[in-house]
Amino acid sequence: MVFTIVLRVRAFRLECSSLFGAASARRQLMPARETEAIILKTFPLGEADRLVSFFGRTSGRVRGVAAGARRLKNRYGSTLELLSHVQLWYVEKETRDLVRIQQAEPLESFRKAQSDYGLSTGLAVVSEVSELVLPEHEVSESMFRLILLTAREVERTGDWALPLSYFAFWTVRLGGWLPRFDRCAACDAPFGTQAAFYDPLQPGLFCEKCRRSGMKPLHQEARILAERFTGERLDHMAFEKAMQASARELREASLTWIEHNIERRLATRTLLETT
Ligand SMILES: [Zn+2]
């Protein structure tokens, strides 16, 4: 598990450092841009710098270098923490491979969630999913608001269970990957009060008769929760103990559909089980 992450981090860093080299050879700076942004990920780069992947409200997902960000005294302060909401200034280069981050001012930080191991695991899932589903340089106001709302609710409630279910469900919905929740994808029979079933191999929910071995259930309560998610604001929903099982089922199904559509396993998903 850890080994896979290390490999992926290495691959990302290698890729970025070679891009950076190529870009600096033909450096042609453009005027500075400004955007409200969410920090998705950062990696150490060399002795003093950081590679930063951010999701800008007006830029989409962009990768850049924050020079000097690893020095003890640096101008970024704590703005480059996981899912921090910041105002960011950066300069694009002609090649557009990596931008140069000039300045970041905090708008909102999620200190409690960022510093707690259990809560930061929830944030890490949001970060990994966003990194994988958001195309580079593509603006998405709904995903921007979804990520922000999720981070705020993890921070406010001190629990990722409901926010993460909401995030995963809405990511599937916004991605256009949501199957029908009322009828079997194979035989069209309505589920009614019965459980529906899914697996990672095919999209869709299946009835008791059409289910294949190894499929997991999505009970009626979890489908009702999905309905509530489409109609109610997350920050207006109270998380009751009775919802725990449904929130988990819906989150598991949604993460499975995300993995099916991006065609890879989420590295952070197994960490949820240990928190
Ligand atoms: Zn069926």
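Computed from a predicted structure; not experimentally measured.

Let's shift gears to the sheet that holds strand 8 (residues 216-218). With antiparallel pairing, three strands are arranged side by side in an open sheet as 7-6-8. Looking at strand neighbours, the two that pair on one side only are strand 7 (202-206) and strand 8, the edges of this open sheet. Neighbour-to-neighbour, the strand axes of the sheet open up by a mean angle of 30°, direction not taken into account. Strand direction decides the pairing type here: strand 6 (residues 196-199) and strand 7, joined by two bridges, are antiparallel. Note that in strand 7 the partner of Phe-197 across the bridge is Phe-206.

With that settled, consider the pairing of strand 3 (residues 60-66). Along any regular strand, the residues point their side chains to alternate faces of the sheet. In terms of residue burial, strand 3 counts as a mostly covered element, since six of its seven residues are buried. Pairing between strand 2 (residues 49-56) and strand 3: seven bridges, direction antiparallel. The partner of Gly-56 across the bridge, within strand 3, is Gly-60. Between the antiparallel neighbours strand 2 and strand 3 lie three residues. Looking at chain direction, strand 3 and strand 5 (residues 99-108) are connected through three bridges and run parallel. The residue of strand 5 that forms the bridge with Gly-64 is Val-99.

This part is about helix 3 (residues 117-133). Structurally, the α-helix is built with 3.6 residues per turn, so residues lying three or four positions apart point the same way. The terminal C-alpha atoms of helix 3, which comprises 17 residues, lie 24 Å apart, in line with the 24 Å expected from a rise of 1.5 Å per residue. Regarding helix 3, the residues found buried are Leu-119, Ser-120, Gly-122, Leu-123, Ala-124, Val-125, Val-126, Ser-127, Glu-128, Val-129 and Ser-130.

Turning our eyes to something else, we now look at the nonpolar core. Counting residues in each nonpolar core, the largest one holds 69 residues, and the members touching the most others are Ile-38, Ile-39 and Phe-54. In terms of residue count, helix 5 (residues 161-174) provides more of this core than any other element does, eight residues in total. When residues are assigned to domains, this core turns out to be shared by domain 1 (2-109) and domain 2 (117-273), each giving three or more. Leaving out residues up to four positions away in the same chain, Ile-39 has contacts with Val-52, Phe-54, Leu-80, Glu-81, Leu-82, Leu-83, Ser-84 and Val-86.

Right, let's talk about helix 7 (residues 244-262) for a bit. Here helix 7 spans 27 Å end to end across 19 residues, near enough to the 27 Å set by a 1.5 Å rise per residue. Taken together, the buried positions of helix 7 are Ser-246, Ala-247, Glu-249, Leu-250, Arg-251, Ala-253, Ser-254, Leu-255, Thr-256, Trp-257 and Ile-258. At the exit of helix 7 stands Glu-263, carrying a positive phi of roughly 60°.

Now for the packing of helix 3 against helix 4 (residues 141-157). Taken N-terminus to C-terminus, the directions of helix 3 and helix 4 make an angle of 175°; their axes are 10 Å apart at the nearest point. Viewed along their axes, helix 3 and helix 4 adopt a mutual orientation that is roughly antiparallel. Of the residues in helix 4, those touching helix 3 at Leu-119, Gly-122, Leu-123, Val-126 and Ser-130 are Ile-147, Thr-150, Ala-151 and Val-154. Split by residue class, the contact of helix 3 with helix 4 holds six nonpolar, three polar and no charged.

Procedures and definitions
Residues numbered from 1 in each chain as written. Predicted model: local features only at pLDDT ≥ 70, side-chain atom pairs only at ≥ 80, totals over all residues. Pairing = 2+ DSSP bridges. Helix = DSSP H or I, 4+ residues; strand = E, 2+ residues; numbered from the N terminus. Axes fitted to C-alpha atoms, helices over the stretch in contact; angles between N-to-C directions. Buried ≥ 20, exposed ≤ 12 C-beta atoms within 10 Å, placed from the backbone. Expected span 1.5 Å × (residues − 1). Core = buried A, V, L, I, M, F, W, Y, C linked by C-beta atoms within 7 Å. Domains from an automatic or database assignment. Contact = placed C-beta atoms within 7 Å. Parallel < 35°, antiparallel > 145°, perpendicular 65-115°, else oblique. Nonpolar A, V, L, I, M, F, W, Y, C, P; charged D, E, K, R; others polar.

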